[in-house]
Amino acid sequence: MDLGVFLRPDRSLAVQIAAADQGRPIQGQLTERRGRPRWVLPSPQPPGRVLTITVELPGFRLAENGDLAPAGTESTAPVVLLGQVRGCRFFPPANVYVLRLKLLGRVWPDG
């Protein structure tokens, strides 16, 4: 799934990241940096870890078959992706960690 169409330099998307060997999900953000997605989290993730990533897409709704459809501004569609951490680096000015991910695929809703 190409998330670039949903990203703008002045806007970030809320993400929730979970791993099987991790307790509660972590809240983060997906931003655009130099035309590429930038995954930002408050804590580090080790390389190789497979993550379940839920991206909240404002202005869309999720149809029963998993397709995205435009909706009102108050609507938000949760899109679930699987990704593997390729790298993680600390970004001191913002006190956050920036991930490099290999996106493995999208998880389609049951329906």
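Reading guide: rules and limits
Residues numbered from 1 in each chain as written. Predicted model: local features only at pLDDT ≥ 70, side-chain atom pairs only at ≥ 80, totals over all residues. Heavy atoms only, no water. Helix = DSSP H or I, 4+ residues; strand = E, 2+ residues; numbered from the N terminus. Buried < 20%, exposed > 50% of the residue type's maximum accessible area, 1.4 Å probe, protein only. Contact = heavy atoms within 4.5 Å. Pairing = 2+ DSSP bridges. Axes fitted to C-alpha atoms, helices over the stretch in contact; angles between N-to-C directions. Phe/Tyr/Trp six-rings, centres within 6.5 Å; stacked < 30°, edge-to-face > 60°. Lys NZ or Arg CZ within 6 Å of the ring centre and 35° of its normal.

**Overview of the side chain of T54**
At step 1: One can find T54 in strand β4 (residues 50-58).
At step 2: We classify T54 as buried; its relative accessible area is 15%.
At step 3: Beyond its immediate chain neighbours, meaning those up to four positions away, T54 contacts A14, V15, Q16, P78, V79 and V80.

**Quick look at the sheet that holds strand β8 (residues 96-107)**
At step 1: Spatial ordering of the closed barrel is given by β1-β2-β3-β8-β7-β4, a layout of 6 strands whose pairing is antiparallel. Neighbour to neighbour, the strand axes of the sheet diverge by 45° on average, direction disregarded.
At step 2: Here strand β3 (residues 36-41) pairs with β8 via 3 bridges, running antiparallel. If you follow L41 over to β8, its bridge partner there is Y97.

**Here's the deal with the packing of aromatic side chains**
How two aromatic rings sit relative to each other is given by the distance of their centres and the angle of their planes.
At step 1: According to the stated counting rule, one finds 1 aromatic pair in the structure shown.
At step 2: Between the aromatic rings of F90 and Y97, the centroid separation amounts to 5.0 Å while the plane-to-plane angle is 55°, which identifies the pairing as tilted.
At step 3: R38 extends its terminal NZ or CZ atom over the ring of F91, reaching a point 5.0 Å from the ring centre.

**Overview of the environment of P78**
At step 1: Relative to the assigned elements, P78 resides in strand β7 (residues 76-91).
At step 2: For the pair P78 and I53, spaced 25 residues apart in sequence, the C-alpha to C-alpha distance is 9.7 Å.

Interpretation note: all reported values are geometric properties and have no functional meaning in isolation.
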